[in-house]
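# Breakdown of the fold
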Amino acid sequence: MEPPHIDTSKQDSGRRRPWVVGISGASGTPYAASVVRGLLAAGEAVDLIVSRASRLTLLDETGIAFRDAHWRADLREWLARGADGKPETFPVTEAELARVRYWAAGDLAAGPSSGSYPVKGMLIVPASTACVAGVALGLSKDLLQRVASVTLKERRRLVVAVRETPLNGPTLKHLVALDEAGAVVLPASPAFYAGATHIQDLVDFVAGRVLDAAEVPHRLYRRWEGELRGGSRNEEAPDAP
């Protein structure tokens, strides 16, 4: 299940300009892993922020304890794990890990906390309702929220993959505020037209839509081609009645 690598020969070879990936405490850590794998497969650099709440979710969903002092080993184990919980599903190379820079959630002096730090944009995957509220209100209570605020003020791409259901009135207002501020509000809502046969297919669809919003090339899902059942994995549609 190795993700296909993208030709990066036309990418800038100058100064490092990563995508910041912020992971909040919402359920859906496999979405984050798929997005990070997709970015690395496309040759992108990644600055990673893992909130304190997300560590509890990651531990609950995968059994992985993400530790500041051992983040590289923990990240490798996480990225290698499939959405079904199977370990060593995806290969993770040292070259890929070398393109990841980790910032502790409490480090408000971290590079991405300043608008002068060069980044392409930020992807919050998954985004909890608390995270959505904090970003919409400009609270900057931790590094994740601070970087999101910087991303908006610098008019860079911000994709917020909210993962909650149902949504109440205050959260809907916060999402509208983010949209009006220029963010892309992207609910973690899997589709089925791509012919999903495995939980990983559903996860990769959402991750692929996040990467689409960031204009990062990928091959995580089969795109709609304008024909009924065109995305199905079945070779033939059933006979008409």
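Our structure is the block above this text.
Structural notes, computed from the coordinates. (Residues numbered from 1 in each chain as written. Predicted model: local features only at pLDDT ≥ 70, side-chain atom pairs only at ≥ 80, totals over all residues. Heavy atoms only, no water.)

## Quick look at the overall build of the protein
Tallying secondary structure elements over the protein gives eight helices and six strands in all. Mapped from its N terminus to its C terminus, the protein presents α and β elements in the order β-α-β-α-α-α-β-β-α-α-β-α-β-α. Per-residue burial over the protein gives 51% buried out of 241 residues. Here the contacts in the protein between residues at least 6 apart in sequence split such that 74% fall between residues at least 24 apart. Accessible surface for the protein amounts to roughly 12000 Å². Of this, 51% is attributable to carbon and sulfur atoms. (Helix = DSSP H or I, 4+ residues; strand = E, 2+ residues; numbered from the N terminus. Buried < 20%, exposed > 50% of the residue type's maximum accessible area, 1.4 Å probe, protein only. Contact = heavy atoms within 4.5 Å. Areas by Shrake-Rupley, 256 points an atom, 1.4 Å probe, with all protein chains shown as cover.)

## With respect to the side chain of Asp142
Relative to the elements of secondary structure, Asp142 occurs in the loop between helix 5 (129-137) and helix 6 (143-153). Buried charge without a salt bridge: Asp142, with Lys141 as the nearest opposite-charge side chain at an N-O distance of 5.7 Å. A polar contact of 3.0 Å, which involves the side chain of Asp142, links it to the backbone nitrogen of Gln145. Setting aside its immediate chain neighbours within four residues, Asp142 contacts Ser51, Ala105 and Leu108. (Lys, Arg positive; Asp, Glu negative; His and termini not counted. Salt bridge = Lys/Arg side-chain N within 4 Å of Asp/Glu carboxyl O. Polar contact = N/O pair within 3.5 Å; in protein donor to acceptor, adjacent residues only side chain to side chain.)

## Quick word on the sheet that holds strand 1 (residues 19-23)
Strand order in this open sheet of six strands is 3-2-1-4-5-6, and the pairing throughout is parallel. Both edges of this open sheet fall to strand 3 (100-104) and strand 6 (184-185), since each of them pairs with a single strand only. Pairing of strand 4 (residues 121-127) with strand 5 (residues 157-162), which is carried by five bridges, proceeds in the parallel orientation. The partner of Gly121 across the bridge, within strand 5, is Arg157. (Pairing = 2+ DSSP bridges.)

## Topic: the environment of Lys141
Looking at where Lys141 falls in the secondary structure, it is placed in the loop between helix 5 and helix 6. The exposed category is assigned to Lys141, whose relative accessible area is 61%. Expressed as a C-alpha distance, the spacing of Lys141 and Leu108, which sit 33 residues apart in the sequence, is 9.1 Å.

## Quick notes on the pattern of salt bridges
Pairs may arise between side chains of opposite charge once their charged atoms sit close together. For the coordinates displayed, the defined rule picks out ten salt bridges. The network of salt bridges with shared partners includes Arg209, Asp212 and Arg223.

## Thoughts on the pairing of strand 5
Judged by how many residues are buried, strand 5 sits mostly within the fold: five of six residues are covered. Remark: the strand 5/helix 7 (residues 169-181)/strand 6 crossover connection has right-handed handedness. (Right-handed = clockwise from strand over helix to strand, strands pointing away.)

None of this, on its own, says anything about what the molecule does.
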